[in-house]
Amino acid sequence: MKVFVIGIGLIGGSMVLDIKRLHPEATIYGVDTNEAHLQEAIALGVVDLAGKMDELHMADFVIVSVPVDGALVVLPQVLDLIGDETIVFEVGSTKAPICKAVALHPQRRNFIATHPIAGTEFSGPSAAILGLFEGKTNIICEVERTAFKLQEKALELFKALGMRIRYMDPNSHDKHIAYVSHLSHISAFMLGKTVIEKEKHEQDIFDMAGSGFESTVRLAKSSPAMWTPIFKQNKEQVIETLEEYISNLTQFKDLLINDDYEAIYQEMQSVNKIKGILNGMHIKN
């Protein structure tokens, strides 16, 4: 088995670590525009060798795990170079622009659009970890446009990695992920910004920051190079979610201004049901 990973970070790196565990005989080739990342990935054993784009014809699998703006350029190039039996998947957090970029490509049948819902706030080759995808959901879009034999090849691998499969159209994916992922990251970045700006004048604020603050702002450590293109590609959906979120924040502020603590209690109690939703998610996983 020959596997090429283009962009060696958290998702692509973790995926090939699991592939190496499942298939010790596999050879993992790394392709990255950042030479330091590539050499680090080789030194860490995430990939075996430096790969070249003109070698993609010999690949069984190609994993495209670059920032989503780069994927719009790289993915068509990859499809130009692969062999007939190669399956290519891209793992970014937006799917409609990606699917549109390759909709008319002659090798569209060799591509499967995926989004593994897994990750941490860390990036780069050192962020790769074994078992990242165990019990996690993998969203697959436009599966009907992938050749059936190649679908089976990809699905067999995803299931071996421990992922649950969910099918969704690209536009629905981008709408839903704006709420549960993109908005969460914006909230964390802006909470971090608010605290940093205040900390300029009140050093003690960080001495008082406990685990609640740390867990809430954790996502603010995520890579701006990855997240700025995501917000750009999913702009309309993200703006819609922000408008709803800002409306709720404004409403909460108004309740405080009006000393309506009974309404505040009821608001928080109604949202407490999210505990049951999240517990149900963990049970399913």
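Our structure is the block above this text.
Every value quoted in this text rests on a predicted model; they were computed, and no experiment measured them.

So, how was this worked out
Residues numbered from 1 in each chain as written. Predicted model: local features only at pLDDT ≥ 70, side-chain atom pairs only at ≥ 80, totals over all residues. Heavy atoms only, no water. Salt bridge = Lys/Arg side-chain N within 4 Å of Asp/Glu carboxyl O. Buried < 20%, exposed > 50% of the residue type's maximum accessible area, 1.4 Å probe, protein only. Helix = DSSP H or I, 4+ residues; strand = E, 2+ residues; numbered from the N terminus. Phe/Tyr/Trp six-rings, centres within 6.5 Å; stacked < 30°, edge-to-face > 60°. Lys NZ or Arg CZ within 6 Å of the ring centre and 35° of its normal. Contact = heavy atoms within 4.5 Å. Right-handed = clockwise from strand over helix to strand, strands pointing away. Core = buried A, V, L, I, M, F, W, Y, C linked by side-chain atoms within 4.5 Å.

Engineer: Talk me through the pattern of salt bridges; I want residue IDs and the actual numbers.
Structural biologist: Within this structure, the stated rule accounts for eight salt bridges. The salt bridge involving K95 is made with E90; its shortest N-O contact spans 2.8 Å. Summarising the burial analysis for this pair, K95 and E90 share the class buried. Across the pair K193 and E197 runs a salt bridge whose closest N-O atoms are separated by 2.7 Å. Residue K193 and its partner E197 are both found in helix α6 (residues 170–199); the two are separated by four residues, about one turn of the helix. Residue class for K193 comes out partly exposed when judged on its relative accessible area of 41%.

Engineer: Requested: an account of the packing of aromatic side chains, with residues and values cited.
Structural biologist: Evaluation of the coordinates by the stated rule reveals four aromatic pairs. Here the aromatic rings of F4 and Y29 are separated by 4.5 Å at their centres, their planes lie at 10°, and the arrangement is stacked. Of this pair, F4 sits in strand β1 (residues 2–6) while Y29 is found in strand β2 (residues 27–31), placing the two residues 25 residues apart along the sequence. The pair formed by F4 and Y29 is uniform in burial state, with each residue classed as buried. With centroids separated by 5.6 Å and ring planes inclined at 40°, the aromatic side chains of W227 and F231 adopt a geometry described as tilted. With W227 and F231 both in helix α9 (residues 224–233) and four residues apart, the pair spans about one turn of that helix. Here W227 falls in the buried class, since its relative accessible area comes to 5%. Taken together, F61, F89 and F158 form an aromatic cluster joined through their ring pairs. The ring of F61 has K153 sitting right over it, with the charged end atom 5.2 Å from the ring centre.

Engineer: Go over unusual backbone geometry, please, and point to the residues and values.
Structural biologist: Within the chain, E142 stands out as a residue other than glycine whose phi angle is a positive 55°. Of note, E142 is situated in the loop between β7 (137–141) and α5 (148–160). Positioned with a positive phi, D259 is a non-glycine residue whose angle comes to about 55°. Topologically, D259 is positioned in the loop between α10 (235–257) and α11 (261–271).

Engineer: So what's going on with the environment of D69? Residues and values would help.
Structural biologist: Inspection of the secondary structure puts D69 in helix α3 (residues 68–81). Those residues within four positions of D69 in sequence are excluded, and the remaining contacts are P229 and Q233.

Engineer: Could you give me a rundown of the environment of S123, with the residues and numbers involved?
Structural biologist: Note that S123 resides in the loop between β6 (111–116) and β7. Classification of S123 as partly exposed rests on a relative accessible area of 47%. Once the C-alpha coordinates of S123 and V102 are considered, the two residues, 21 residues apart in sequence, prove to be 27 Å apart.

Engineer: Got a sec to walk through the pairing of β6? Specific residues and values, please.
Structural biologist: Judged by how many residues are buried, β6 sits mostly within the fold: six of six residues are covered. Along β6, one buried face is formed by F111, A113 and H115 and the opposite face, lined by I112, T114 and P116, is buried too. For the crossover that starts at strand β5 (residues 87–90), traverses helix α4 (residues 96–101) and ends in the parallel β6, the hand is right-handed.

Engineer: Summarise the nonpolar core; cite the residues concerned and give the values.
Structural biologist: The biggest cluster of nonpolar side chains holds 35 residues, and the ones touching the most others in it are M15, I28, V46, I63 and F89. Broken down by secondary-structure element, the contributors of at least two residues to this core are β1, α1 (10–22), α2 (35–44), β4 (61–64), β5 and α5. Contact partners of I28, with chain neighbours within four places excluded, come to V3, V5, V16, I19, K20, V46, V47, D48 and L49. The next biggest cluster of nonpolar side chains, apart from the first, holds 24 residues, and it includes V66, L79, I98 and C141.

Engineer: Lay out the side chain of H105 with the relevant residues and their values.
Structural biologist: Here H105 lies in the loop between α4 and β6. Assessed through its relative accessible area of 15%, H105 is described here as buried. Once you skip the residues sitting within four places of it in the chain, H105 turns out to touch P76, L79 and D80.

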